[in-house]
Amino acid sequence: MAFILSQRAQKLTSSAIREILKVTERPEVISFAGGLPAPATFPVTQLQQACNEVLDTEPTAALQYGPTEGFMLLREWIAQHHSERSGVAISAEQVLVTTGSQQGLDLLAKVLIDPGSTVLVETPTYLGALQAFSLAEPQYRSVRSDDAGLVPEALSAEPCEAARFLYCLPNFQNPSGRRLPLERRRQLIEIADRAGLLVIEDDPYGELYYEGAPLASLLSMNPSGVVYLGSFSKVLAPGLRVGYVIAPPDLHRKLVQAKQAADLHTPSFTQRIVHNVIKNGFLDEHLPRIRTLYATQCRAMLEALQRHFPAGVQWNRPEGGMFIWVQLPEHIDSAELLQAAIEQHVAFVPGAPFYANEPQPNTLRLSFVTVPPAKIEAGIARLGSLLTARIEAVGRPGKAPAAAR
Ligand SMILES: Cc1ncc(COP(=O)(O)O)c(C=O)c1O
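A brief structural summary. Residue indices follow the written sequence of each chain, beginning from 1 at its first position. Owing to the predicted nature of the model, reporting of local features is limited to residues with pLDDT of at least 70; listing and counting of side-chain atom pairs is limited to 80 or more, with chain, interface and lining totals taken over all residues. Only hydrogens and water are removed before side-chain values are computed, so all heavy atoms of the structure are retained for them.

**Brief notes about the packing of helix α13 (residues 282–308) against helix α15 (residues 373–394)**
Thought 1: Two elements in contact, α13 and α15, have axes whose closest approach is 9 Å; the angle formed by their N-to-C orientations is 30°. It follows from the interaxial angle that α13 and α15 lie roughly parallel. Where α13 crosses over α15, the two elements pack in a sense that is right-handed. Contacts between α13 and α15 involve Gln297, Ala300, Met301, Ala304, Leu305, Arg307 and His308 from the first element and Pro373, Ile376, Glu377, Ile380, Ala381 and Gly384 from the second.
Thought 2: As a working rule, the residues Ala, Val, Leu, Ile, Met, Phe, Trp, Tyr, Cys and Pro are called nonpolar, Asp, Glu, Lys and Arg charged, and the rest polar, with Gly in that last group. A per-class count over the contact of α13 with α15 returns 8 nonpolar, 3 polar and 2 charged. Between N-to-C directions, angles cover 0 to 180 degrees, with each direction set by a line fitted to C-alpha atoms, over the stretch in contact for helices. Secondary structure elements follow DSSP: runs of H or I no shorter than four residues count as helices, runs of E no shorter than two count as strands, and numbering proceeds from the N terminus. Relative orientations are named as follows: roughly parallel for angles under 35 degrees, roughly antiparallel for angles over 145 degrees, roughly perpendicular for angles from 65 to 115 degrees, and oblique for any other angle. Left-handed describes a crossing in which the near helix is turned anticlockwise from the far one by less than a right angle; the clockwise case is right-handed. Contact definition: two residues touch when any of their heavy atoms are within 4.5 Å.

So this is what it looks like as C-alpha cells:
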C-alpha cells in the first residue's frame, strides 16, 4: 500500500544504541553497550507481592482508566520525597506521572519547541533526548562542557534569552558519567535565572551515587525555573515504565494536555504497584544494594581499563551511575572499532551519536552494570588488544593525544 510519510517522519532515524542492542542480545557477546540496569537489582518478590495486594485491595481502580496527572498517592509520595530532599516545598499538583521519563522528554518537546527554536544541550548529551526533541525540529546549540560537565562561562556566552530551554543532566550523565560540581550548579542556575532561561534537569541516575551524599538538585535551587524529570527505571525496574515530571503550574497544565493526546495516562496498575512497593521506605534499604553492586563493577572496569587499555586512551572515574566515557586518540574512530569488537563478541556504544553538533568519533561509552567482574575483565582485555593493534596500524599522525589516563 502506498503512503506518504510526513516530512517529520522522513527525518526519523533509529537510535544507534537500540540497533547495537539487537546484536548484543546474542549470549556469546559481552556487552558494555546497553544502558540497562542490572536485572539482579529488580525487586521481583516485592513486585510480586505488590501485584497481588493491588489486585486484592483495589482491582477496579488498578484496571480502570485513571487521571492523566497520575495516581494521587504516588504523586504525593514523589512530592514529599523531593520536598524533603530539596528543602523547598514541592506540591503533588506539580507532579505529572509519565510513561517513563522518556515520555516527559517527548511531552516537553511538544509543548516547548517550534521548528527552528533554539535548544541548549550539553556536549555530549543523552541520545534519547535528542531523539525526542528532534521530532519538534529545534536548532541545537551545544554548550561547551569539560570533564566536570557543563561550563557555566560557556553558558553565559550563549544567547540564552532566545533559547526555549537548557537540557542538562547534572548527575552521572548519560553518556559521560560525569557529575556537575555544586558550585557550577549554582552558577548555572544564576545565569539561567538572569536570562529567564528555563532549565530541564533530567535525573534518572541521581540516587546511584557510590559514596557520600547527593549534591543539591537544580530544582532545589530554583523551583520556579526548573523542570525536573525523575524515573523509577533505574531504582526499581524499567519495564514498569513509570517516570515523572515536576513542573511549574502553567507548564504542568500544558504537559497534562499533551499527555492526554499521547496516551490518556500512565497505566493505573503499574503506578499502584510502584507506590505499593515504595510507600513504606523500601528504597532506603534497596538503593544501598544497587549502589554497592554498581560501585564494585565500576571498580572492576576501572582496574581492567588500567591493565589493558594502551597509553593515549583516557577515561573518567565516575562517582556514581552506570557509565564510563572513553576518549581514544583523535585518529581512531570508535564506530570502526565497534565492527571489529563485535567480531570478537564485545560491544560498546560509539560516542558520536551523543553529540548534537560536531560529533567526536574518537569517543565511546562503556556500561559496567550488567556484566559480572570476570566478564568485564575478559571484555576489556579484548577491547584493549583491538585498540593497541588499531593504534599501531593507523599510526599516530598529527597531534598526539595526551598520554595521561
Ligand atoms: C538520561 C536519561 N533520561 C531519560 C531516560 C529514560 O528513562 P525512562 O523512560 O526509563 O524513565 C534515560 C534512559 O536510559 C536516560 O538515560
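**Observations regarding the site of the ligand**
Thought 1: Here a residue is considered near a molecule or strand provided that any single heavy atom belonging to it is located within 4 Å of it. Taken together, 13 residues lie around the ligand, and Ser101, Asp202, Tyr205, Ser231 and Ser233 are the ones closest in.
Thought 2: In protein, a polar contact means a hydrogen-donor-capable atom and an acceptor-capable atom, both N or O and within 3.5 Å, with residues adjacent in sequence counting only if both atoms are side-chain atoms; elsewhere, any N or O pair within 3.5 Å suffices. Between the ligand and Ser101 there is a distance of 2.7 Å, counted from an oxygen atom to a backbone nitrogen or oxygen.
Thought 3: Asp202 places a polar side-chain atom, nitrogen or oxygen, 2.6 Å from a nitrogen atom of the ligand.
Thought 4: Per-residue and other accessible areas follow the Shrake-Rupley method at a 1.4 Å probe size, with only the shown protein chains counted as cover for residues. Within the complex, the protein chains bury 92% of what would otherwise be the 400 Å² of accessible surface of the ligand.
Thought 5: In terms of residue class, the shell around the ligand is built from 4 nonpolar, 6 polar and 3 charged.

**A few points about the nonpolar core**
Thought 1: Core analysis: the largest hydrophobic core is formed by 101 residues, its most contacted members being Phe232 and Leu366.
Thought 2: Per element, the largest residue contribution to this core is 12 residues, and it comes from α13.
Thought 3: If sequence neighbours within four positions are ignored, Leu366 has contacts with Phe32, Met301, Leu305, Met322, Phe323, Ile324, Val326, Phe348, Ile380 and Leu383.
Thought 4: As used in this record, nonpolar core signifies buried Ala, Val, Leu, Ile, Met, Phe, Trp, Tyr and Cys residues forming a set joined through side-chain atoms within 4.5 Å. For each residue, the accessible area found with a 1.4 Å probe, counting protein chains only, is set against the maximum for its type, and the residue is called buried under 20%, exposed over 50%, and partly exposed in between. In this structure, Val121, Tyr140, Val227 and Ala247 belong to the second largest nonpolar core, which totals 28 residues.

**A look at unusual backbone geometry**
Thought 1: Residue Pro124 is bonded to the preceding Thr123 through a cis peptide linkage, with omega at -5°.
Thought 2: On the secondary structure map, Pro124 appears in the loop between β3 (118–121) and α7 (127–134).
Thought 3: Along the chain, Asn174 connects to Pro175 via a cis peptide bond; the corresponding omega equals 20°.
Thought 4: You can see Pro175 is positioned in the loop between β7 (163–168) and α9 (182–195).
Thought 5: Positive phi is not limited to glycine here, since Leu264 has a value of about 65°.
Thought 6: With respect to the element layout, Leu264 can be found in the loop between α11 (249–263) and α12 (268–278).
Thought 7: Even without being glycine, Glu358 reaches a positive phi, approximately 40°.

**So, the pattern of salt bridges**
Thought 1: Think of a salt bridge as a Lys or Arg side-chain nitrogen and an Asp or Glu carboxyl oxygen that are within 4 Å of each other. Using the criterion set out here, one finds 17 salt bridges in the structure.
Thought 2: When the shortest N-O distance is used, the salt bridge between Asp114 and Arg164 registers 3.1 Å. Placement of Asp114 in the loop between α6 (101–112) and β3 and of Arg164 in strand β7 is noted, with a sequence separation of 50 residues between them.
Thought 3: Arg194 is paired through a salt bridge with Glu190; the nearest N and O atoms lie 3.4 Å apart. Taken as a pair, Arg194 and Glu190 lie in helix α9 at a separation of 4 residues, close to a single helical turn.
Thought 4: What makes Arg194 exposed here is its relative accessible area of 62%.
Thought 5: Residues participating in the shared-partner salt-bridge network are Arg85, Glu207 and Arg291.

**Concerning the packing of helix α5 (residues 72–86) against α12**
Thought 1: Between α5 and α12, the shortest axis-to-axis distance is 9 Å and the interhelical angle comes to 50°. Compared by their axis directions, α5 and α12 come out oblique. Classified by chirality, the crossing of α12 by α5 is left-handed. Along the contact surface, α5 presents Leu73, Leu74 and Trp77, while α12 presents Gln271, Val274, His275 and Ile278.

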